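Topology and contacts: notes
Chain by chain, the residues run as shown.
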Amino acid sequence: GEAMSLQAAARIKRALTYCVNSWTCRTYCMKKEFVDGLRTVVGESNISTAMAVREQHGRDESMHSCRPPDVVVWPQNVDQVSKMAEMCYRNSVPIVPFGTGTGLEGGVSAIMGGVCFNMTRMDRIMNLNADDFHVTVEPGVTRKALNNYLRDSGLWFPVDPGADASLCGMAATSASGTNAVRYGTMRENVINLEVVLPDGRILHTAGKDRIFRKTAAGYNLTSMFVGSEGTLGLITKASLRLHGIPEAMVAAVCAFPSVQAAVDSTVQILQCGVPIARIEFLDDVMIGACNKFNGLSYPVLPTLFLEFHGTENGLKEQVQQTEEITQMNGGSDFTWAKDQEERNKLWTARHNAWYAALALRPGCRGYSTDVCVPISKLPEIIVETKKDLIESRLTGPIAGHVGDGNFHCIMVMNLADKDEVSRVKDFTNRLARRALAMNGTCTGEHGIGLGKRKLLEEEVGEVGIATMKQIKDTLDPKNLMNPGKVV
């Protein structure tokens, strides 16, 4: 370098500058040409490359950092989704589906850039069949919108994850929530899916327009896409199972002297065969947070929120049996919520648990654990977890759908405090492995997303992961569908 003349150095610098600028220009032109192609499909008003819009679509409710896509599109129908997916496939551009952005595992993070398909403008409710108890929805329809639509039909869709999530997004993550103990998760309530595969082909997982309630015809493709987290295709329609609205509903709150007593009551209620609709557990820290956030005055003790559905006579028997069990475990008398307004107030407090927990430490971020264990193991794991939280000096109020063995520690932490973040990570790993040791799962309803891939390997084993990768490689050989998630 020292021997090189100034003229020679200048020539090399000019040549390198020309090469870099030329490469940049060609890349930009290719990208512009591709984006213009997307624009031709969806129209000028349904595409954006603005940074603010991209950042909005690069994060969900989780603590994972924002990873924005390169462009956001709002398709209006399945044909547009198919055409743009084919374009992405042909140009090897990643695809990230986006619904309401209420996920908790970084599922919408565009870690390799690409095109974000915001599905919210496909929002039709179609083919309501009250006689056969089913309806078909596009991905922009949320659970609240569907139940408002069903209000005068005598039917409802009971899967309730708390957030007003999109129903196709709920299918993609196999969501559940407070009603799962009686009505099941999305996996039990999805009849058929229309899916755009990575190369643009359109698949009907149970056959086009088929709405049977059971089948033995071939592989269960519907269940394969429920819980796939956008890694196998874009869900553009979902046919859902509906349920009759119960004749009567009543909710109650019951406080207990200890975590053990509350969770023991849960197990005994289920073992006695009480067909309870919801049974939710909140520990003393969570109850205190909910009181403060919602302006309530429940005793700051481990507490069960319960709801019963059925006939008037049937409810009397359910309530009597449940009260006997709770009082045998030292539970308080029930505080009742009988009319709809009172019940809505009670369940709004439960659904606000995430925000109530965050309000305990303003300016901090939250992360929700999501383990699920066999019902008989529930008292043991919650008691051990509560002890671990105290010993680890962490803020992690507990709330959970204990009727199906699923509970959450809402970890509230200061991301600038590296020691605290490290303690949270160690705690969440211990909790997940504690659940796995009890033959449970690391995620009951939130999904794997970005952060639980190692735990998934431990849960399903080497052959399980290899099989999942084979499915992924077959349907998405270029690894374009939501890359970096699940497997």
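Just so you know, these numbers come straight off a predicted model, no measurement behind them.

1. Digging into the overall build of the protein chain
A count of helices and strands for the protein chain gives 16 helices and 18 strands. For the protein chain, the C-alpha radius of gyration of 25 Å lies close to 23 Å, the compact-globule estimate for 487 residues. If you line up the protein chain on its principal axes, its C-alpha atoms span 95 × 60 × 45 Å. Taken over 487 residues, the protein chain has a buried fraction of 53%. Put simply, of all contacts in the protein chain between residues at least 6 apart along the chain, 70% involve residues at least 24 apart. Put simply, the protein chain shows about 22,300 Å² of open surface, and 52% of that area lies on carbon and sulfur atoms.

2. Quick notes on the sheet that holds strand E9 (residues 202–204)
In spatial order, the strands read E5-E6-E10-E8-E9; together these five strands make up an open sheet with antiparallel pairing. Either end of the sheet is taken by a strand with one partner, and the two such strands are strand E5 (125–129) and E9. Geometrically, the sheet is characterised by an average inter-axis angle of 10 degrees between neighbouring strands, direction not taken into account. Judged from the three bridges that link them, strand E8 (residues 190–196) and E9 form a sheet pairing that is antiparallel. Counterpart to Val-196 in the pairing with E9 is Ile-202.

3. A look at the UniProt feature "domain: FAD-binding PCMH-type" (unreviewed entry) in the protein chain
Taken from the UniProt record, the annotation "domain: FAD-binding PCMH-type" (unreviewed entry) applies to residues 64–245. Taken end to end, residues 64–245 comprises 22% helix and 23% strand; its first and last C-alpha atoms sit 38 Å apart.

4. Looking at the packing of helix H9 (residues 259–271) against helix H11 (residues 312–328)
Where H9 meets H11, the axes come as close as 9 Å, and the angle between the chain directions of the two elements is 145 degrees. As for the relative orientation of H9 and H11, their crossing is right-handed in sense. Seen from H9, the contacting residues are Ser-265, Gln-268 and Ile-269; seen from H11, they are Thr-322, Ile-325, Thr-326 and Met-328. Class assignment for the residues of the contact of H9 with H11 results in three nonpolar, four polar and no charged.

5. Some points on the domain arrangement of the protein chain
As assigned here, the protein chain comprises domain 1 (23–118), domain 2 (125–244) and domain 3 (248–438). Each of domain 1 and domain 2 has a C-alpha centre, and these two points are 24 Å apart. On the side of domain 2, 16 residues touch domain 1, which itself brings 12 residues to the contact. Looking at the side of domain 1 that touches domain 2 element by element, the count peaks at six residues for helix H3 (residues 78–90). When grouped by side-chain class, the residues that make up the side of domain 1 that touches domain 2 number seven nonpolar, four polar and one charged.

6. A closer look at the sheet that holds strand E1 (residues 47–48)
Strand order in the open sheet made by the four strands is E1-E2-E4-E3, with mixed pairing throughout. Each of the sheet's edge strands pairs with one partner strand only, and the pair in question is E1 and strand E3 (95–98). In the sheet, E1 pairs with strand E2 (residues 71–73) via two bridges, with the strands oriented antiparallel. In the sheet register, Ile-47 faces E2, and the bridge partner there is Val-73. Relative to the sheet, H3 contacts E2, E3 and strand E4 (115–118), its axis offset from that of E4 by approximately 170 degrees.

7. Overview of the packing of helix H14 (residues 378–391) against helix H15 (residues 418–437)
Look at H14 against H15: their axes get within 11 Å of each other, and the N-to-C directions meet at 165 degrees. Taken together, H14 and H15 sit at an angle that is classed as roughly antiparallel. At the point where H14 passes H15, the crossing takes the right-handed sense. Note on element contacts: H15 touches H14 through Phe-427, Arg-430, Leu-431, Arg-434 and Ala-435, opposite Ile-381, Glu-384, Thr-385, Asp-388 and Leu-389. For the contact of H14 with H15, the class distribution of residues is five nonpolar, one polar and four charged.

8. A closer look at the environment of Met-112
Tracing the backbone shows Met-112 in the loop between E3 and E4. When its relative accessible area of 52% is taken as the criterion, Met-112 is described as exposed. A C-alpha to C-alpha distance of 8.2 Å links Met-112 and Gly-484, two positions 372 residues apart in sequence.

9. Digging into helix H16 (residues 453–475)
Across its 23 residues, H16 extends only 20 Å between first and last C-alpha, which sits more than 12% below the 33 Å expected from 1.5 Å per residue. The axis of H16 is deflected most strongly, by about 110 degrees, at Gly-461. Here H16 has its buried residues at Leu-455, Leu-456, Gly-464, Ile-465, Lys-472 and Leu-475. Residues of H16 that are buried make contact with helix H8 (221–225) and H15.

Thresholds applied
Residues numbered from 1 in each chain as written. Predicted model: local features only at pLDDT ≥ 70, side-chain atom pairs only at ≥ 80, totals over all residues. Heavy atoms only, no water. Helix = DSSP H or I, 4+ residues; strand = E, 2+ residues; numbered from the N terminus. Rg over C-alpha atoms; globule rule 2.2 N^0.38 Å. Buried < 20%, exposed > 50% of the residue type's maximum accessible area, 1.4 Å probe, protein only. Contact = heavy atoms within 4.5 Å. Areas by Shrake-Rupley, 256 points an atom, 1.4 Å probe, with all protein chains shown as cover. Pairing = 2+ DSSP bridges. Axes fitted to C-alpha atoms, helices over the stretch in contact; angles between N-to-C directions. UniProt positions renumbered as here; feature names shortened; annotations may be inferred. Left-handed = near helix turned anticlockwise from the far one by under 90°. Nonpolar A, V, L, I, M, F, W, Y, C, P; charged D, E, K, R; others polar. Domains from an automatic or database assignment. Parallel < 35°, antiparallel > 145°, perpendicular 65-115°, else oblique. Expected span 1.5 Å × (residues − 1). Bend = angle between axes of the 7 residues up to and from the residue.

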